[in-house]
Amino acid sequence: MGQSQDDDNITASASVTSAVTVTGAENIQFGNIVPSTNARTVSGDGTVTGDNAGDDTGAQPGRFDVTKGPETPVTLTFSALTALTDDTETLTFSYGENSYLSTSDSEVLNGVVFDPASVLDISSESTYVTASTFSVFVGGTVTPTADQAEGTYTGSITLTVEYN
């Protein structure tokens, strides 16, 4: 008696997408602040608020530019940063809840508001899932003390972008 035999094929395939790249394009600048307990906030859209009497000339949000594969959702995570330092002294820092994603690298367009203190999954934001480039405008707040030492205070903010 003969054996019955059958076969079929399936295809193996893989889609290769471009690697994620993150470029720190602009630093957050708060301008000159004076010792007091009054904060200065720079929002992701460039709005400067707060009662600090110092000169806010040059204040601006930070900006990261992100390149990724089209049609791919990503997750954005920011490093924890609670203070800026001048080697010996600290200046209190917090992220601004009014940070933005934007399809433009020069202004907030089609902006999605987010808080960098939380992980941001953009899978529900179709504009950013389909885009292969977008910018992240980061705001923050500095709050000096009444006896804040004079100096230039800095801190490092890291944005990590990962494919979901």
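Up top you'll find the structure we're talking about.
These numbers were taken from a predicted model, which means no experiment stands behind them.

### Overview of the overall build of the chain
Step number 1: Looking only at helices and strands, the chain has one helix and 13 strands in total.
Step number 2: Against the 2.2 N^0.38 benchmark of 15 Å for 164 residues, the chain shows a C-alpha radius of gyration of 22 Å, more extended than a compact globule.
Step number 3: Based on the C-alpha atoms only, the size of the chain along its principal axes is roughly 100 × 35 × 20 Å.
Step number 4: Going through the 164 residues of the chain one by one, you find that 35% of them count as buried.
Step number 5: Counting only contacts in the chain whose residues sit at least 6 apart along the sequence, the fraction spanning at least 24 positions is 71%.
Step number 6: Total accessible area on the chain is roughly 9600 Å²; 44% of this is exposed by carbon and sulfur atoms.

### Let's talk about the pairing of strand 5 (residues 74-78)
Step number 1: For strand 5, the tally of buried residues reaches four of five residues, placing the bulk of the element in the interior.
Step number 2: Inspection of the sheet shows strand 5 paired to strand 10 (residues 120-121) by two bridges, in the antiparallel sense. Considered in strand 10, the bridge of Leu76 is made with Leu120.

### Some thoughts on the nonpolar core
Step number 1: Core analysis: the biggest nonpolar cluster contains 27 residues, and Leu76, Leu101, Phe134 and Val136 have the highest contact counts within it.
Step number 2: Breaking this core down by element, the ones donating at least two residues are strand 4 (62-67), strand 5, strand 7 (90-95), strand 9 (112-114), strand 11 (133-138) and strand 13 (159-163).
Step number 3: Excluding its chain neighbours within four sequence positions, the residues that come into contact with Val136 are Gly62, Arg63, Phe64, Val66, Leu76, Phe78, Tyr100, Leu101, Phe114 and Leu159.

### Quick notes on the packing of aromatic side chains
Step number 1: A full pass over the atoms with the stated rule returns six aromatic pairs.
Step number 2: In textbook terms, an aromatic cluster arises when at least three aromatic residues are bridged by ring pairs, as seen for Phe30, Phe64, Phe78, Phe93, Tyr95 and Phe114.

### Concerning the pattern of salt bridges
Step number 1: For the structure shown, the criterion picks out one salt bridge.
Step number 2: Ionic pairing is found between Arg63 and Asp65, a salt bridge with its closest N-O pair at 2.9 Å.
Step number 3: For Arg63, a relative accessible area of 14% gives the class buried.

### Let's talk about the sheet that holds strand 1 (residues 21-26)
Neighbouring strands of a sheet are bound in pairs by backbone hydrogen bonds; such pairs are parallel or else antiparallel.
Step number 1: The five strands lie next to each other as 1-4-11-8-9, forming an open sheet whose pairing is antiparallel. Looking along the sheet, the strands with just one partner apiece sit at the ends: strand 1 and strand 9. Each strand axis lies, on average, 25 degrees off the axis of its neighbour in the sheet, ignoring direction.
Step number 2: One ladder, built from five bridges, connects strand 1 with strand 4; its direction is antiparallel. Bridging from a neighbouring strand, Glu26 pairs with Arg63 of strand 4.

### A short note on the sheet that holds strand 12 (residues 140-143)
Step number 1: Taken in spatial order, the five strands line up as 3-2-12-7-6 in an open sheet, and their pairing is antiparallel. Edge strands, defined here as strands with exactly one partner in the open sheet, are strand 3 (48-49) and strand 6 (83-85).
Step number 2: Direction of pairing for strand 7 relative to strand 12: antiparallel, over a ladder of four bridges. Within the sheet, the bridge partner assigned to Tyr95 lies in strand 12 and is Gly140.

### A few points about the environment of Asp115
Step number 1: Along the chain, Asp115 falls in the loop between strand 9 and strand 10.
Step number 2: In this structure, the C-alpha to C-alpha distance between Asp115 and Gly139, residues 24 residues apart in sequence, is 9.0 Å.
Step number 3: Contact partners of Asp115, with chain neighbours within four places excluded, come to Tyr95, Gly96 and Glu97.
Step number 4: Reaching out from Asp115, the side chain makes a polar contact with the backbone nitrogen of Ala117 at a distance of 2.9 Å.

Cut-offs applied
- Residues numbered from 1 in each chain as written.
- Predicted model: local features only at pLDDT ≥ 70, side-chain atom pairs only at ≥ 80, totals over all residues.
- Heavy atoms only, no water.
- Helix = DSSP H or I, 4+ residues; strand = E, 2+ residues; numbered from the N terminus.
- Rg over C-alpha atoms; globule rule 2.2 N^0.38 Å.
- Buried < 20%, exposed > 50% of the residue type's maximum accessible area, 1.4 Å probe, protein only.
- Contact = heavy atoms within 4.5 Å.
- Areas by Shrake-Rupley, 256 points an atom, 1.4 Å probe, with all protein chains shown as cover.
- Pairing = 2+ DSSP bridges.
- Core = buried A, V, L, I, M, F, W, Y, C linked by side-chain atoms within 4.5 Å.
- Phe/Tyr/Trp six-rings, centres within 6.5 Å; stacked < 30°, edge-to-face > 60°.
- Salt bridge = Lys/Arg side-chain N within 4 Å of Asp/Glu carboxyl O.
- Axes fitted to C-alpha atoms, helices over the stretch in contact; angles between N-to-C directions.
- Polar contact = N/O pair within 3.5 Å; in protein donor to acceptor, adjacent residues only side chain to side chain.

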